[in-house]
Amino acid sequence: MLTLRQMRYFDALATTRHFGRAAEMVHISQPALSTQIMEMEEYLGAKLVERTRQNTFLTPKGEEVLHYVRAILHQVDLLEQTARKGGGTLEGLIRIGIIPTVAPYLVPQFVPHLRRTYPGVEVELREAVTDRLMADLLTGKLDAVIAALPLDIEGIQTRPLFADRFFMAVADNGEAVLMSPLTEHEVNVDRLLLLEEGHCLRDQALAVCSAGKRSLVNFGATSMATLLQMVSHDMGMTLIPEMAIPTETSRNSIRILPFTDPQPSREIGLAWRRSNHRGKEMEALAEAIIAVAPAPHELVA
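Residues numbered from 1 in each chain as written. Predicted model: local features only at pLDDT ≥ 70, side-chain atom pairs only at ≥ 80, totals over all residues. Heavy atoms only, no water.

1. Some points on the packing of helix α5 (residues 103-117) against helix α10 (residues 279-291)
1) Next: Where α5 contacts α10, the axes come no closer than 9 Å and their chain directions differ by 125°. The pairing of α5 with α10 is recorded here as oblique in orientation. In the crossing of α5 with α10, the sense of the turn from one axis to the other is right-handed. On α10, the residues that touch L106, F110, H113 and L114 of α5 are L285, A288, I289 and A291. (Axes fitted to C-alpha atoms, helices over the stretch in contact; angles between N-to-C directions. Helix = DSSP H or I, 4+ residues; strand = E, 2+ residues; numbered from the N terminus. Parallel < 35°, antiparallel > 145°, perpendicular 65-115°, else oblique. Left-handed = near helix turned anticlockwise from the far one by under 90°. Contact = heavy atoms within 4.5 Å.)

2. Considering helix α1 (residues 4-16)
Along an α-helix, residues three or four positions apart point the same way, because every turn accommodates 3.6 residues.
1) Next: If you check α1, its first and last C-alpha atoms are 18 Å apart, about what 13 residues at 1.5 Å a residue would give, namely 18 Å.
2) Next: Considered for burial, the residues of α1 that qualify are Q6, M7, Y9, F10, A12, L13, A14 and T16.
3) Next: Of the residues trailing α1, R17 is marked for its positive phi of about 55°. (Expected span 1.5 Å × (residues − 1). Buried < 20%, exposed > 50% of the residue type's maximum accessible area, 1.4 Å probe, protein only.)

3. Here's the deal with the packing of aromatic side chains
Aromatic ring pairs are defined here through the distance separating the ring centres and the angle between the ring planes.
1) Next: Tallied over the full model, the rule gives zero aromatic pairs.
2) Next: Cation over ring: R51 sits above F19, and NZ or CZ is 4.2 Å from the ring centre. (Phe/Tyr/Trp six-rings, centres within 6.5 Å; stacked < 30°, edge-to-face > 60°. Lys NZ or Arg CZ within 6 Å of the ring centre and 35° of its normal.)

4. Remarks on the pattern of salt bridges
1) Next: For the structure on display, the rule yields 13 salt bridges.
2) Next: Among the ionic pairs, R17 bridges to E63, the shortest N-O distance being 3.5 Å. Here R17 is found in the loop between α1 and α2 (19-25), whereas its partner E63 is found in helix α4 (residues 60-84), with 46 residues between them in sequence.
3) Next: On the basis of relative accessible area, R17 is assigned to the partly exposed category, the value being 32%.
4) Next: Note on E63: relative accessible area 37%, which makes it partly exposed. (Salt bridge = Lys/Arg side-chain N within 4 Å of Asp/Glu carboxyl O.)

5. Section: a nonpolar patch on the surface
1) Next: Taken together, the side chains of M1, Y43 and L44 make up a nonpolar region of the molecular surface, amounting to roughly 380 Å² of accessible area.
2) Next: With respect to the helices and strands, Y43 occurs in helix α3 (residues 30-44). (Patch = residues over 30% accessible without salt bridge, like charges linked within 9 Å, V, L, I, M, F, W, Y side chains within 5 Å. Areas by Shrake-Rupley, 256 points an atom, 1.4 Å probe, with all protein chains shown as cover.)

6. Considering the environment of P296
1) Next: Along the polypeptide, P296 turns up in the segment after α10.
2) Next: The spacing of P296 and R165 is 131 residues in sequence and 8.5 Å in space, taken between C-alpha atoms.
3) Next: In this structure P296 touches R165 and E242, once residues within four positions along its chain are discounted.

Take a look at the structure:
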């Protein structure tokens, strides 16, 4: 069998045209090099090297074989370089899933920063609820997911990114009079607007307001933007993540009320498959997200 080792030895000999110097180049003894070249010739059934007292040179067949050997070694080197990529460097296609209550507020800062930091990266984004994203992650349709933690799923590695506090959004000129800061008992759960089933923020809102078994407004919105438009028309109130506040207060007539300490919050994290062997790339991706993570909102801090 012809081996890569033999091809590298033959390439060294063709470069130096000297068995002793070739042996030094590949860090083996001269007899060992000679043995490997002889085995290569035997396997190919052709004389590749001609040796005299003064010179070592390739036969015509040896020159022909050298052309193919160097082409093969070049491709192998490219393969090894490709395999080594990911040591903290993001290159090529990376498919990222993001939950809807994070995507609109993170993507505008995150994607440009990622492309500036890693010019060789190609980003493909998908927005969906957590369960769908995790299913795609497990089946290899996604490389990473940005979602609320915890994600206790077998075979999934996670890394916390940043904390995102919760606030209450009410109509700016609404009838409800609420004291700031709020306690969970001051929230009128009969007016609490929620995202539709499947959104993790729905469950978080129910937990924050202790409204698991109480009556709720019979409406399930598909987006944070829809909920806040309803709030601005005084159709109810809703929980708003801190990262959404700058964007949503600029386009809706809403008032933001903080909760009393300890303020409720969610932890946003990055998830990926343990089996994908891209841990260093995922850590680099996490650092890129952290670099543009929303700062605490000054007006409501």
